[in-house]
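Topology and contacts: notes
Here is what each chain is made of, one letter per residue.
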Amino acid sequence: MNMMKTLIATGVLATITSSAFAATEITWWHSMTGALGERVNALADDFNKTQGDYKIVPVYKGTYDESMSAAIAAYRAGNAPSILQVFEVGTATMIYAKGAVKPVYEVMQQAGEKFDQNAYVPAVAGYYSTPKGMMSFPFNSSTTIMFYNKDMFAKAGLDPEKPPVTWQEFVGMAAKIKASGASCAYTTTWQSWVHLESFSTWHNVELATKNNGFGGLDARLKMNSPLHVRHIENLSNWAKQGYFTYAGRKDEGNAKFNAGECAIITGSSSAYADIRKNAKFKFGVATLPYYNDVQGAPQNTVIGGASLWVMNGKKGDEYKGVAKFFSYLSKPEVAAKWHQDTGYLPVTKAAYELTKSSGFYERNPGTDVAVKQMIVKTTEKSRGLRLGNYAQVRTVFDEELENVWTGKKTAKEALDSAVKRGDELLARFEKANKGNQ
């Protein structure tokens, strides 16, 4: 009997001990599929193995839109995740979601974790920051660059090592490529991101007033300026001349480039791995072209991708674990590996320097193009965008650009209409969030 009591007591004690020292679980909702999803799981596993106090549990919650909607519903129900991955166009929505998020600078400070915002790439960190500090943790950041088919360049009598640096150079090259028998000289993915948003920051001009929304909720669009109209008008003319082929609003153009149909494509730097895997031709990577008669160009392109937000209403232990995880993700060797494995930008300067000194860029030519575009001091006009209802605003841009490509509207008519319609969405967001500033 005494033996039985001892065994029961020992079992109870073991249970109490194990529960007292059980790792604190931290749920991380993300939107990464395929190889990227595997990398996310590996990051969590690697962190979990470094210590026993906290366990990061990654959960795929659908697309960025779906995940954000699910998180809002979960927050209202009191069971939101600790960490939520949110795409860059949702930044303003998250910042003004009063009470729903806990700023990253606060999480790190309260946990006593070393956190130097200057260690992060300025064009990346600045996008997710307020004057008080970083609101979310930069995770998977990409930017807009150009890829080109060296074999098609050679066939057209062009130097395969000299892609167009300016839009002025582009026209002559596109004409030669078309004359060589190519069915597609140039295409683009993500037209609004490339030709309106990045176009603006690359030329150091505003897409919207109030420094693209960083100065307040009353920002309004201004990408119907003479420079923007000139560029969209040029693209329209190039389409008529057979130099520009429109493939779709998202990344549909990648398939045309990968198949060797198009000689030049502009789009996300994160397409590099996919092109390297699928292209049966020699390709090059270059910066976005710019107009060399615009003062201040080139400046820096704008980021895409997503960041990690910390949801409010959690226990102190969870926040300590989140802070430890963010410190882990910021380690030069961890951040460098993520950059090299995925093609996303290095989020810290140290990760870039480590990648550079390891010879990675020499072994993989072109992988540093996006980084060089971004590792510059940003200006008030080039820091990024902070506009509400921006996913819907971008849809308006796409609709109006398509009106230009199909000949329904002139460039000026379409951009004037995009400003009018987009401003209505911004005004609606301002009205709904005025008390949350």
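Before any of the text, the structure's been laid out above.
This is a predicted model, so every value here is computed, not measured. (Residues numbered from 1 in each chain as written. Predicted model: local features only at pLDDT ≥ 70, side-chain atom pairs only at ≥ 80, totals over all residues. Heavy atoms only, no water.)

Considering the state of the cysteines
- This structure, assessed with the given rule, holds 1 disulfide.
- Two residues share a disulfide in this structure: Cys-184 and Cys-262, whose sulfurs sit 2.1 Å from each other. Across the S-S bond linking Cys-184 and Cys-262, the dihedral sits near 100°, which makes this disulfide right-handed. With Cys-184 in strand β8 (residues 184–188) and Cys-262 in strand β9 (residues 262–268), this pair connects stretches of sequence that are 78 residues apart. The exposure classification of Cys-184 matches that of Cys-262, with both residues buried. (Disulfide = S-S within 2.5 Å. Helix = DSSP H or I, 4+ residues; strand = E, 2+ residues; numbered from the N terminus. Buried < 20%, exposed > 50% of the residue type's maximum accessible area, 1.4 Å probe, protein only.)

Remarks on the environment of Gly-422
- Mapped onto the fold, Gly-422 is located in helix α20 (residues 411–433).
- Counting along the chain gives 28 residues from Gly-422 to Arg-394, while the straight-line C-alpha distance between them is 8.3 Å.
- Setting aside chain neighbours within four positions, we find Gly-422 in contact with Leu-221, Val-393 and Val-396. (Contact = heavy atoms within 4.5 Å.)

Quick look at the layout of surface pockets
- In this structure, the largest pocket occupies an estimated 1,500 Å³ of space.
- Breaking the lining of the largest pocket down by element, the ones donating at least two residues are α2 (34–50), α3 (64–77), β7 (137–149), α9 (191–202), α13 (272–278), β11 (303–311), α15 (332–342) and α19 (390–405).
- The two domains that each donate at least three residues to the lining of the largest pocket are domain 1 (22–140 + 303–373) and domain 2 (142–300 + 375–430). (1 Å grid on protein atoms, 1.4 Å probe; cavity = no way out; pocket = protein on both sides within 12 Å on 5 of 7 lines; lining within 4 Å. Points joined across faces, edges and corners; volume = space filled by probe spheres on them. Domains from an automatic or database assignment.)

A short note on unusual backbone geometry
- Cis geometry marks the peptide bond from Ala-297 to Pro-298; its omega dihedral reads -5°.
- Of note, the phi angle at Asn-204 is positive, near 55°, even though the residue is not glycine.
- Tracing the backbone shows Asn-204 in the loop between α9 and α10 (209–212).
- For Asn-204, a relative accessible area of 19% puts it in the buried group.

Comments concerning the nonpolar core
- Counting residues in each nonpolar core, the largest one holds 102 residues, and the members touching the most others are Phe-147, Ile-177, Leu-221, Ile-232, Ile-264, Phe-283 and Phe-397.
- The element that contributes the greatest number of residues to this core is α20, accounting for 8 residues.
- Formed jointly, this core draws a minimum of three residues from each of two domains, domain 1 (22–140 + 303–373) and domain 2 (142–300 + 375–430).
- Met-134, Phe-137, Leu-308 and Ala-323 belong to the second-largest nonpolar core, a separate cluster that totals 30 residues. (Core = buried A, V, L, I, M, F, W, Y, C linked by side-chain atoms within 4.5 Å.)

Observations concerning empty space enclosed by the protein
- Enumeration over the complete set of coordinates arrives at 5 cavities of 30 Å³ or more.
- The space that makes up the largest cavity amounts to roughly 180 Å³.
- Along the wall of the largest cavity there are 18 residues; nearest its centre are Ser-269, Tyr-272, His-339, Gly-343 and Thr-367.
- When contributions to the lining of the largest cavity are tallied by element, the ones reaching two or more residues are α13, α15 and α18 (369–374).
- Per element, the largest residue contribution to the lining of the largest cavity is 4 residues, and it comes from α15.

With respect to the pairing of strand β1 (residues 24–30)
- Most of β1 sits inside the fold, with 5 of its 7 residues counted as buried.
- Bridge analysis of β1 against strand β2 (residues 54–60) gives 7 bridges, and the strand direction is parallel. For His-30, the partnering residue across the bridge sits in β2 and is Tyr-60.
- Once the chain exits β1 it traverses α2 before rejoining the sheet at β2, and the crossover so formed is right-handed.
- Sheet analysis places β1 next to strand β3 (residues 83–87), joined by 2 bridges and oriented parallel. Bridged to Trp-28 within β3 is Ile-83. (Pairing = 2+ DSSP bridges. Right-handed = clockwise from strand over helix to strand, strands pointing away.)

A closer look at the environment of Val-121
- By secondary structure assignment, the location of Val-121 is in the loop between α5 (104–111) and α6 (122–125).
- Since its relative accessible area comes to 1%, Val-121 is described here as buried.
- With sequence-adjacent residues up to four places away left out, Val-121 is seen in contact with Pro-346, Val-347, Thr-348, Lys-349, Met-374 and Ile-375.

Description of the pattern of salt bridges
- According to the stated counting rule, one finds 20 salt bridges in the structure shown.
- Two residues, Glu-88 and Arg-394, come together in a salt bridge whose shortest N-O distance is 3.1 Å. Of the two residues, Glu-88 is situated in the loop between β3 and α4 (91–95) and Arg-394 in helix α19; the sequence distance between them amounts to 306 residues. Residue Glu-88 shares its accessibility class with Arg-394, and that shared class is buried.
- Across the salt bridge formed by Glu-261 and Lys-256, the nearest N and O atoms sit 3.3 Å from each other.
- A relative accessible area of 25% places Lys-256 in the partly exposed class.
- When salt bridges with common partners are traced through the structure, they connect Glu-399, Glu-400, Lys-409 and Arg-421 into a single cluster. (Salt bridge = Lys/Arg side-chain N within 4 Å of Asp/Glu carboxyl O.)

Describing α15
- Listed in full, the buried residues belonging to α15 are Val-334, Ala-335, Ala-336, Trp-338, His-339 and Thr-342.
- Along its buried surface, α15 packs onto α2, β7, α14 (316–330), α16 (349–357), α17 (360–363) and α18.
- Positive backbone phi, at 90°, marks Gly-343, one or two positions downstream of α15.

Details of the packing of aromatic side chains
- All told, the structure shown has 30 aromatic pairs when counted by the stated rule.
- With centroids separated by 6.4 Å and ring planes inclined at 90°, the aromatic side chains of Trp-202 and Tyr-290 adopt a geometry described as edge-to-face. Of this pair, Trp-202 sits in helix α9 while Tyr-290 sits in the loop between β10 (283–286) and β11, and the two are 88 residues apart along the sequence.
- What makes Trp-202 buried here is its relative accessible area of 5%.
- Taken together through their ring pairs, the aromatic side chains of Trp-28, Phe-47, Phe-115, Tyr-120, Phe-137, Phe-139, Phe-325, Phe-326, Tyr-328, Trp-338 and Tyr-344 make up a single cluster.
- Its end group placed over the ring of Trp-29, Lys-61 keeps NZ or CZ at 4.3 Å from the ring centre.
- Looking at Lys-102, its charged tip hangs above the ring of Tyr-319, at a distance of 5.1 Å from the centre. (Phe/Tyr/Trp six-rings, centres within 6.5 Å; stacked < 30°, edge-to-face > 60°. Lys NZ or Arg CZ within 6 Å of the ring centre and 35° of its normal.)

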